[in-house]
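# Coordinates in review
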Amino acid sequence: MKYTTTQRHRSTEHGFTLIELLVVMVIIGLLAALVGPNIFKNVGRGRQSTAKAQIEMMGQALDSYRLDTGKYPTTSEGLNALNTNSGAQGWDGPYLKKGLPNDPWGKPYQYQSPGTHGDYDLSSYGLDGSPGGDGENKDINSWE
């Protein structure tokens, strides 16, 4: 039996069947289901680490403010006193180079002076934006 060029060419072509493609897609889906939660857990930890670093940075700025003015900003003056002179004698700011940041969840930091845990209390309420919580909702505080 003699084959034409077209018939011979088709018999040597190789490709993937629909079943093979489905098996590969199922394997990729399983891998994503196993790896995905671990990646998102690390994103939450990263935000908490960022909040701790920002609280530490603002604490250093508050200490510099106190060294220059002799006191910490009051609760009513708030953290804005680190970048804007509210009439405090000896103010030599701004004390934060890039302005006042929000916490990693986009909410303002909570500031109180005098604080219940020290000269000042500086906190982020975490993802849920309310006091207390576990995991990514856990509060990040300057006194801890």
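Described in the following lines is the structure provided in the data block. Along each chain, residues carry numbers from 1 onward, in the same order as the chain's sequence is written. Residue-level local features of this predicted model are given only where pLDDT is at least 70; pairs of side-chain atoms are given and counted only at 80 or more, and the full residue set underlies all totals for whole chains, interfaces and linings. Note that water and hydrogens are dropped before the side-chain values are worked out from all heavy atoms of the structure.

### Some thoughts on the pattern of salt bridges
A side-chain nitrogen of Lys or Arg and a carboxyl oxygen of Asp or Glu constitute a salt bridge if their distance falls within 4 Å. According to the stated counting rule, one finds 2 salt bridges in the structure shown. Here Glu-136 and Arg-47 are joined by a salt bridge, their closest N and O atoms 3.6 Å apart. Taken together, the residues Glu-136 in the loop between strand S2 (121-124) and strand S3 (140-141) and Arg-47 in helix H2 (residues 18-69) connect sequence positions 89 residues apart. Note on exposure labels: buried denotes an accessible area under 20% of the residue type's maximum, exposed denotes more than 50%, and partly exposed covers the range between, all computed with a 1.4 Å probe on protein chains only. Exposure remark for Arg-47: the relative accessible area of 33% places this residue in the partly exposed category. For Lys-71, the salt bridge goes to Glu-77, with nearest N and O atoms at 3.3 Å. Look at Glu-77 and you get partly exposed, because its relative accessible area is 24%. Comment: elements are numbered from the N terminus, with helices defined as DSSP H or I runs of at least four residues and strands as E runs of at least two.

### Some thoughts on the packing of aromatic side chains
Ring pairs shown here join Phe, Tyr and Trp side chains whose ring centres sit within 6.5 Å, with only the six-membered ring taken for Trp; geometry is labelled stacked below 30 degrees between planes, edge-to-face above 60, and tilted in between. Tallying each qualifying case throughout the model produces 4 aromatic pairs. Seen in terms of ring centroids, Trp-91 and Tyr-95 are 5.7 Å apart; in terms of plane orientation they differ by 90 degrees. Their pairing is edge-to-face. Across this residue pair, the class does not change: Trp-91 and Tyr-95 are buried. Clustering of aromatic rings is evident, with ring pairs tying together Tyr-65, Trp-91 and Tyr-95.

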